[in-house]
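# Results of the structural survey
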Amino acid sequence: MNDQLEIDRNLDRRLHETGARVDLVGAREIFRGILTTALGDDEKAWLSLIAPNASAEIIDDLRALRDRIKKSMADDGLSARKTDPKRLSALREELDRRDLDAFIVPKADEHQGEFIARHAERLMWLTGFSGSAGSAIVMAEKKAAIFVDGRYTLQVKKQVSGKLFERHHAVDVSQAAWLESNISAGMRIGYDPWLVTDRDRERLDKVCEKAGAYLVTVADNPVDHVWAGQPPKPITPMVAHPTKYAGQASSKKRAQLISELKRLKLDAVVISAPDAIAWLFNIRGHDIPCTPASLGFAVIHAAGGIELFTEPHKLSPGIQDHLGSDVVVLETDALADELGHFGTRALRVGVDLMQAPAKISLALRNAGAEVIDTPDLTALDKACKNKAERNGMRAAHLRDGIALCQFLHWLNQTAGKGKITEWDVGVKIDTLRRELDLHQGPSFDTIAGYGANGAIVHYRAEKKSSAILKKGSLLLVDSGGQFLDGTTDVTRTIAIGKPSKEMCDRYTRVLKGHIALSRALFPEGTSGSQLDTLARKPLWDIGLDYEHGTGHGVGSYLGVHEGPQRISKHPSTVALQPGMVVSNEPGFYKTGGFGIRIENLVMVQSVKMPKTAERKMLGFETLTCAPYDQNLIEPSLLSAEEITWLNEYHAWVRKSLTKSLDKDTKRWLESATKPIKGAGRKAR
């Protein structure tokens, strides 16, 4: 013990003497923060934050410190995919201690993003549910319930105990409706204001008020008190995103935002969305899985001042120079004081009440500021990719196509022989992408569902229980990558062995909808919801449909799910505009049988029309570059126009990728993209 103390003192002294960026205490904090993230043991990352110019001797000592910290970090309890009754009991004891009759546990962090750090996985720790969206309510006595959307109705039954939690599709029984049915006058319902939006808080407040109950804001989260081994908050390097990829300097983006604040007569705006901050400041990080963001908050003043609130240990060398002298970096805890200052001056402050945590608007109102509901002011500019971003997305998808063809060729050689599993599929596609230039990691965890598992829309294979790819069914593979110049997301469905007539019929109908959307021409001002039926009609023709949306927006080396654009049955007033990237992913899912989804990313572009045209028209440029499985295509169901489109797409794939493939993969691609013969049926 004394020897270890002496080693630590010597390391602390040498860090100080050699001008390291932090002392021993800071190094420990950085190691604990980075070891909970996807960067894990990335030596280059932690060295940049601790001691970029460290000697070999100091690096060796830091490695030893890292290893000790890794061993000392307790099991975070997130590996189990089942409900632990002891955890539920511990939370109930904590609620009783706090005089709370119920507590709401959402799948969320302080930034309300799609992906959250392990530190914030409270719903997973409590229930075992690993889906990307959901919430639970735990009553202090006996009852508890979990609510999920249509993507996870099958998954929640596998992972969450029906004896401990009622399991509900949120459309059939919403969280608010369940709460209203289970509370009574005088009850105290707790919630964490950092984990719900202001709009959600208002809805909960109305439910409680109607029942005569009280909605109680907790100062700290009771789940954190009972979660032994809860991981620390993430710390990864905040780095500059080069202008050659971003296409526009951060200073220009901020100037445009400040002009918009003045137009809206706002004194300031508070930004909490990780992707908005990343885009606005041209910064990236790895604090959360799959989305290259650095967590924090930003306050932009109409008068010109800018504050960025984050963990100071994240700042990589040179990042302050990148941000510029007009950006003041402060610790996250200083945000509360800043919000209080707005109140003392009775300022008009913009907050996105649908996205920002309720804590921000509550603090502003309590201090006396006027809170103005202000939807994300960066969203539209971020969605409409500039020239550099468009070119980057094209290049990233061509690069991604190389890995996809290598993967599909490998699958063709190995699947159906009784050895390859769903888990192996995910490992293989991730491994192939890692070999590509500019690759930064996955854009989401690969979905590889064989047979009945493919019918679970957002299925996640587990290593120990993943299905073997046997002949006689379908494999659905949905995967994507993050590259410095773009983000990819692609789904292909592949027959393992000979497919049935039903499989081919359903696949071809999904493909017809996919082609219809790809070929669509539409006037300026058209929203995605106006196009949604194009993708569904071939299934509707025989009384079938799919429950998810047809398309979501995608960022440029940012979130794989990005707004405000979407293609969905749900009404949308957001018009599709040139430069927007959106997915085109119709599907069909036979519960207990198989799943089919075909997904390309497409980019909205202007279309040159004849002089007689009275409207400016838009269409889609297909970005994804990978063949469809022709073993599943029934040509008699396709029109001549659809066959022409399919053959032209495959010719483009072949021409774009052949030169980058090895001899065997090239030969496979030639066969996989051979033209479909026949005129097809006449279009009606």
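All values derive from a computational prediction rather than experimental measurement.

## Regarding the overall build of the chain
- Scanning the chain from terminus to terminus reveals 23 helices and 28 strands.
- Relative to its length of 684 residues, the chain is compact, with a C-alpha radius of gyration of 26 Å against a globular reference of 26 Å.
- Principal-axis analysis of the C-alpha atoms places the extent of the chain at approximately 75 × 65 × 60 Å.
- For the chain, the proportion of its 684 residues judged to be buried stands at 56%.
- Partitioning the intrachain contacts of the chain with sequence separation of at least 6 by distance along the chain shows that 71% fall at a separation of at least 24.
- Of the roughly 29,500 Å² of accessible surface on the chain, a fraction of 51% belongs to carbon and sulfur atoms.

## Points about the pattern of salt bridges
- Throughout the structure, instances matching the rule amount to 47 salt bridges.
- Its salt-bridge partner being Arg13, residue Glu17 comes within 3.3 Å of it at the nearest N-O pair. Pair noted here: Glu17 and Arg13 are both in helix α1 (residues 2-17), with a separation of 4 residues, about one helical turn.
- Take Glu17: its relative accessible area is 54%, and that puts it in the exposed class.
- Classification of Arg13 as partly exposed rests on a relative accessible area of 39%.
- Taking the shortest distance from any N to any O, the salt bridge between Asp485 and Arg399 comes out at 2.6 Å. In this pair, Asp485 is assigned in the loop between β18 (481-483) and β19 (486-487) and Arg399 in helix α18 (residues 387-414), connecting sequence segments 86 residues apart. Per residue, the accessibility class of Asp485 equals that of Arg399, and both read buried.

## Points about the sheet that holds strand β14 (residues 370-373)
- Ordered by their spatial adjacency, 6 strands build an open sheet running β12-β11-β10-β8-β13-β14, and the pairing between neighbours is mixed. Strands at the two margins of the open sheet, each flanked by one partner only, are β12 (327-331) and β14. Pairwise comparison of adjacent strand axes, ignoring direction, gives a mean angle of 25° for this sheet.
- Pairing analysis gives 2 bridges linking strand β8 (residues 268-271) to strand β13 (residues 348-351), with the strands arranged parallel. Counted as the bridge partner of Ala268 is Val349 from β13.

## Remarks on the packing of helix α2 (residues 24-34) against helix α4 (residues 56-72)
- At a minimum axis distance of 10 Å, the contact between α2 and α4 shows a crossing angle of 55°. Put simply, α2 runs oblique to α4. In the packing of α2 onto α4, the handedness of the crossing is right-handed. Along the contact surface, α2 presents Leu24, Ala27, Arg28, Phe31 and Arg32, while α4 presents Leu62, Leu65, Arg66 and Ile69.

## Focus: the nonpolar core
- Residues Phe407, Leu411 and Val425 are the most contacted members of the largest nonpolar core, which totals 61 residues.
- Discounting chain neighbours no more than four positions away, the residues touching Phe407 are Val425, Lys428, Ile429, Leu432 and Val477.

## Some details on the packing of α18 against helix α22 (residues 640-657)
- The contact between α18 and α22 brings their axes to 10 Å, and the two run at 95°. Relative to α22, the element α18 is oriented roughly perpendicular. Side by side, α18 and α22 meet where Leu398, Gly401, Ile402 and Cys405 of the first sit next to Trp652, Ser656 and Leu657 of the second.
- In the contact of α18 with α22, the residues fall into 5 nonpolar, 2 polar and no charged.

## Digging into helix α23 (residues 663-672)
- All of the buried residues in α23 are Thr665, Trp668, Leu669 and Ala672. Within α23, the buried residues cover an arc of 100° as seen down the axis, which keeps them to one side.
- Of the surrounding elements, those touching the buried residues of α23 are α18 and α22.
- By the N-cap criterion, in which a side-chain oxygen at the helix start approaches the backbone nitrogen of a residue two or three places on, α23 is capped by Asp662, the distance to Asp664 being 3.1 Å.

## Brief notes about the packing of aromatic side chains
- Overall, the coordinates contain 12 aromatic pairs when judged by the stated rule.
- Look at Trp194 and Phe297: their rings are 5.8 Å apart centre to centre, the planes differ by 55°, and that puts the pair in the tilted class. In this pair, Trp194 is assigned in the loop between β5 (188-191) and α9 (198-211) and Phe297 in strand β10 (residues 297-301), connecting sequence segments 103 residues apart.
- A network of ring pairs unites the aromatic residues Tyr628, Trp645, Tyr649 and Trp652 as a single cluster.
- Here the basic side chain of Arg506 rests over the ring of Phe588, its NZ or CZ set 5.7 Å away from the ring centre.
- The aromatic ring of Tyr546 is capped on one face by Arg536, whose charged end is 4.0 Å from the ring centroid.

## So, the side chain of His650
- Note on placement: His650 falls in helix α22.
- Non-local contacts of His650, meaning those with residues more than four positions away in its chain, are made with Pro627, Tyr628, Gln630, Ala672 and Thr673.

## Focus on helix α21 (residues 532-540)
- Among all positions in α21, only Asp532, Ala535, Arg536, Pro538 and Leu539 are buried. Looking straight down α21, one finds that the buried residues subtend no more than 155° of arc, so they occupy a single side.

## Some words on the sheet that holds strand β6 (residues 214-217)
- Taken together, the 6 strands give an open sheet; going across it, the order is β4-β3-β2-β1-β5-β6, and neighbouring strands pair in mixed fashion. Each edge of the sheet is formed by a strand with only one pairing partner; in this case those strands are β4 (166-169) and β6. Between one strand axis and the next, the sheet turns by 20° as a mean value, whatever way the strands run.
- Relative to β4, strand β3 (residues 144-148) runs parallel, the two being bridged by 4 bridges. From the neighbouring strand, Ala145 faces β4, where its bridge partner is Glu166.
- Across the sheet, helix α5 (residues 85-97) touches β1 (102-106), β2 (135-139) and β3, and the angle it forms with β2 is around 60°.

## Some words on the environment of Ala136
- Along the polypeptide, Ala136 turns up in strand β2.
- Since its relative accessible area comes to 0%, Ala136 is described here as buried.
- C-alpha separation for the pair Ala136 and Lys382, spaced 246 residues apart in sequence, amounts to 33 Å.
- When near neighbours in sequence (up to four residues on either side) are disregarded, Ala136 contacts Phe103, Ile104, Val105, Leu123, Thr127, Ala145, Ile146, Phe165 and Gln175.

## Side note on the environment of Lys463
- When you line up the elements, Lys463 lands in the loop between β16 (447-450) and β17 (473-479).
- Residues Lys463 and Asp424, spaced 39 residues apart in sequence, show a C-alpha to C-alpha distance of 8.3 Å.

## Comments concerning unusual backbone geometry
- For the bond running from Gly563 to Pro564, omega is 5°, close enough to zero to count as cis.
- With respect to the element layout, Pro564 can be found in strand β23 (residues 562-567).
- Positive phi outside glycine occurs at Lys142, with the angle close to 70°.
- Summarising the element assignment, Lys142 is placed in the loop between β2 and β3.
- Overall, Lys142 belongs to the exposed group, its relative accessible area being 77%.
- Even without a glycine there, the phi angle at Cys290 is positive, about 70°.
- Among the structural elements, Cys290 can be located in the loop between β9 (283-284) and β10.

Definitions and limits used
Residues numbered from 1 in each chain as written. Predicted model: local features only at pLDDT ≥ 70, side-chain atom pairs only at ≥ 80, totals over all residues. Heavy atoms only, no water. Helix = DSSP H or I, 4+ residues; strand = E, 2+ residues; numbered from the N terminus. Rg over C-alpha atoms; globule rule 2.2 N^0.38 Å. Buried < 20%, exposed > 50% of the residue type's maximum accessible area, 1.4 Å probe, protein only. Contact = heavy atoms within 4.5 Å. Areas by Shrake-Rupley, 256 points an atom, 1.4 Å probe, with all protein chains shown as cover. Salt bridge = Lys/Arg side-chain N within 4 Å of Asp/Glu carboxyl O. Pairing = 2+ DSSP bridges. Axes fitted to C-alpha atoms, helices over the stretch in contact; angles between N-to-C directions. Parallel < 35°, antiparallel > 145°, perpendicular 65-115°, else oblique. Left-handed = near helix turned anticlockwise from the far one by under 90°. Core = buried A, V, L, I, M, F, W, Y, C linked by side-chain atoms within 4.5 Å. Nonpolar A, V, L, I, M, F, W, Y, C, P; charged D, E, K, R; others polar. Arc of directions from axis to C-beta. Polar contact = N/O pair within 3.5 Å; in protein donor to acceptor, adjacent residues only side chain to side chain. Phe/Tyr/Trp six-rings, centres within 6.5 Å; stacked < 30°, edge-to-face > 60°. Lys NZ or Arg CZ within 6 Å of the ring centre and 35° of its normal.

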